[in-house]
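An overview of the molecular structure
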2 protein chains.
Amino acid sequence: MTIEAGLKSIDGVVPSRADIRNRLLTKMPISDFALLAPHLEMVTLKERQVVEVPGRPITHVYFVETGVVSVVAVNAEDHRIEVGVIGKEGMTGVPLVFGDDRAQHSAYMQIGGSGRRLPAAAFTDALRQSATLRALMMKSAQAFMIQTAHTALANGRAKLEERLARWLLMAHDRLDSDAVPLTHEFLAVMLGVRRAGVTVALHSFERRGFIAARRGQLTLISRAGIEQVAGSFYGIPEAELKRLMTDTP
Amino acid sequence: MTIEAGLKSIDGVVPSRADIRNRLLTKMPISDFALLAPHLEMVTLKERQVVEVPGRPITHVYFVETGVVSVVAVNAEDHRIEVGVIGKEGMTGVPLVFGDDRAQHSAYMQIGGSGRRLPAAAFTDALRQSATLRALMMKSAQAFMIQTAHTALANGRAKLEERLARWLLMAHDRLDSDAVPLTHEFLAVMLGVRRAGVTVALHSFERRGFIAARRGQLTLISRAGIEQVAGSFYGIPEAELKRLMTDTP
DNA sequence: CAAAACCCGTACGTTTCCGTACTGAAAAAA
DNA sequence: TTTTTTCAGTACGGAAACGTACGGGTTTTG
């Protein structure tokens, strides 16, 4: 590990800050970035790539730059549902921020992309050393918590169309294009509904001119339309993320 | 404030540790307890008493001793659903642990009781001073987060009966008796379902001999029966709470 | 003690979504 | 290219839960 760290410290391997696109890495004080940088590793994140397994130790923290991670809660009878998504605004490995070393949920790339990762140990070391880093990571964790709470709200109160619209907006926020490369099947798994139900809902969106669909991909045409469908089930976590990442020290 | 703190420091007002029933207060190192004790105030928590209002600054942290707090997420269109409950195992004011001063959700006493509270400022002061206190509070926060995630799972995948059973078990865990003093109406609000739906489900439980019901109150007769109804939707947050509060420093 | 408010039992038509399954078309593998 | 696999479209009966509402009993209020 010290050897690796040494290697990564060679010029050109330690990432320059200008290349970074993850919002947490760009937002943190330079001193904190310097703490992490020697251990950061650029990684390609292929779709379906698993980053966390429930109950198992977290090996790496992933700072997503492109693509979307799905965090999925699973229970003993294998019921599962997505409790949050992570993109360039966030990171995986939230339990590490709380001093835990195990993953609670299943986490995997729902939409492929890339990011920077560092070993869990290096991350917790850095946390121990920097109060400002801790503060930022806790804000990020809180933002994720808010997202989870509103997922619970949507799951309990919103209709399929509203939930689907909400998901599309959250994905869109985290992508650089209007194209969402996903099958109905995977959308259905995340929302915990039938695949056929997603198909029908997407047709409705398409008929209304909100999206265009082709096999394995759908494209947002009218974000405003989708927002109208999602109604108040979308927005609060996003506004809170902004607030948490903007104000104060 | 300094005057109040002074008054509370008079012998007999600073709570003796033996009287404390909140699990966090009893579990923390004596040094941390000493940090909080001068500011702790014994309070009666009447049912429906509001402890947090979404968007508003958190005034006090409540360490619940008896009774149950409902934490309810609300959106712009006033859709609402419970995202977690807090009893003697926990505390309110989680955002303070993360360095935020505002309440995300609505929080109020669902079942009346009592607890200890201290002003938010005193709490954050103590947090700043003690790393062990921070560690404990973060574990508590994480436990709550896990609960919220599994609420999202239950909301999306479980049937009304399963969700109701889950709720009763969570309430039972936090009460000292088998009696749950609640109307169908309030159970319905928390689960985000019809009052009539709760009535029918409770009848089913009663017919099977799992509970006894009277106006405004129901009594658990067969916890095992209720557990069987809840299935795997109950248990993980409880096991994780135990794990988080048991192991390590 | 009467009036009002609250709580629960029950009902009915309706909406939403499920489980299941078959099909053809498109893409990937052989 | 041919075969296999994956994906989307569609359908149907049924379960679950909804919105609404009425009535009767209990508790609280005036």
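Further up the page is the structure itself.
Conventions adopted
Residues numbered from 1 in each chain as written. Chains lettered and ligands numbered in written order. Predicted model: local features only at pLDDT ≥ 70, side-chain atom pairs only at ≥ 80, totals over all residues. Heavy atoms only, no water. Pairing = 2+ DSSP bridges. Helix = DSSP H or I, 4+ residues; strand = E, 2+ residues; numbered from the N terminus. Near = heavy atom within 4 Å. Polar contact = N/O pair within 3.5 Å; in protein donor to acceptor, adjacent residues only side chain to side chain. Nonpolar A, V, L, I, M, F, W, Y, C, P; charged D, E, K, R; others polar. Contact = heavy atoms within 4.5 Å. Buried area = accessible area lost by both parts, 1.4 Å probe. Salt bridge = Lys/Arg side-chain N within 4 Å of Asp/Glu carboxyl O. Buried < 20%, exposed > 50% of the residue type's maximum accessible area, 1.4 Å probe, protein only. Arc of directions from axis to C-beta. Least-squares fit on C-alpha atoms with pLDDT ≥ 70 in both.

**A word on the sheet that holds strand E7 (residues 211-214) of chain B**
All names here are of chain B.
- Within the open sheet, the 3 strands sit side by side as E6-E8-E7. Their pairing is antiparallel. Single-partner strands in this sheet number two, and they are strand E6 (179-180) and E7.
- Of the pairings in the sheet, the one linking E6 to strand E8 (residues 217-220) comprises 2 bridges and is antiparallel in character. When the bridges of E8 are listed, Val-180 appears paired with Leu-218.

**Remarks on the protein's contact with DNA strand D**
- Taken together, 16 residues lie near DNA strand D, and A:Arg195, A:Arg215, A:Gly216, B:Leu160 and B:Arg215 sit nearest.
- Protein-adjacent atoms of DNA strand D, using a 4 Å cutoff, are sugar or phosphate at a proportion of 58%.
- Measuring from a phosphate oxygen of DNA strand D, one finds a backbone N or O atom of A:His184 at 2.9 Å.
- The separation between a base nitrogen of DNA strand D and a polar side-chain atom of B:Arg215 is 2.7 Å.
- The element best represented in the surface near DNA strand D is helix H9 (residues 195-207) of chain A, accounting for 4 residues.
- Here the surface near DNA strand D is composed, by residue class, of 3 nonpolar, 6 polar and 7 charged.

**Quick word on the interface of chain B and chain A**
- Taken residue by residue, the interface counts 44 residues in chain B and 44 residues in chain A.
- Counting each side, the surface lost to burial between chain B and chain A is near 3700 Å², with a carbon and sulfur contribution of 60%.
- On the chain B side of the interface with chain A, the three residues burying the most area are B:Phe98, B:Met145 and B:Arg157, jointly 18% of the side's total.
- Here chain B is connected to chain A by 2 salt bridges.
- The shortest N-O distance in the salt bridge between A:Asp100 and B:Arg243 comes to 2.7 Å.
- In this assembly, chain B and chain A are joined by 16 residue pairs in polar contact (both at pLDDT 80 or more).
- In terms of residue count, helix H6 (residues 131-157) of chain B provides more of the side of chain B that touches chain A than any other element does, 17 residues in total.
- Its residues placed into classes, the side of chain B that touches chain A shows 21 nonpolar, 14 polar and 9 charged.

**A look at the pairing of E8(B)**
Residues and elements named next belong to chain B.
- By the alternation rule, side chains of E8 split into Leu-218 and Leu-220, which are all buried, and Gln-217 and Thr-219, of which none is buried.
- The sheet contact formed by E7 and E8 spans 4 bridges and is antiparallel. Each bridged residue has a counterpart across the sheet, and for Ala-212 the counterpart in E8 is Thr-219.
- Between E7 and E8, which pair antiparallel in sequence order, lie 2 residues; one of them, Gly-216, sits at a positive phi of approximately 75 degrees.

**Topic: the pairing of strand E4 (residues 80-86) of chain A**
All names here are of chain A.
- Of all 7 residues making up E4, 6 are buried, and the element is well covered by its neighbours.
- Note that strand E3 (residues 60-74) and E4 share 6 bridges and pair antiparallel. Across the sheet, residue Val-72 finds its bridge partner in E4, namely Glu-82.
- In sequence, E3 turns back onto E4 through a hairpin of 5 residues, with Asp-78 there showing a positive phi of about 65 degrees.

**Regarding helix H10 (residues 223-230) of chain A**
Residues and elements named next belong to chain A.
- What H10 keeps buried is the set Gly-225, Ile-226, Val-229 and Ala-230. Taken around the axis of H10, the buried residues stretch over an arc of 135 degrees, which confines them to a single face. Facing away from the buried surface of H10 by more than 90 degrees, the exposed residues are Ala-224 and Gln-228.
- Buried residues belonging to H10 abut helix H7 (160-173), H9, strand E7 (211-214) and strand E8 (217-220).
- At the exit of H10 stands Gly-231, carrying a positive phi of roughly 55 degrees.

**Focus on the environment of B:Arg102**
Residues and elements named next belong to chain B.
- Secondary-structure assignment places Arg-102 in the loop between helix H4 (94-97) and strand E5 (106-119).
- In this structure Arg-102 comes out as partly exposed when scored by relative accessible area, which is 33%.
- Residues Arg-102 and Thr-92, spaced 10 residues apart in sequence, show a C-alpha to C-alpha distance of 12 Å.

**Some thoughts on the relation of the copies chain B and chain A**
- For these two chains of identical sequence, chain B goes onto chain A by a turn of 180 degrees and a shift of 0.0 Å along the axis, with RMSD 0.0 Å. The transformation relating the two chain copies, once decomposed into turn and shift, fits a two-fold axis. Relative to the rotation axis, the closest C-alpha in chain B is found at B:Ala152, a distance of 1.9 Å.
- Interface overlap between copies is the fraction of interface residues in one copy that are interface residues in the other; for chain B against chain A it reaches 100%, indicating a shared surface.

Function cannot be inferred from these measures alone, as they are strictly geometric.
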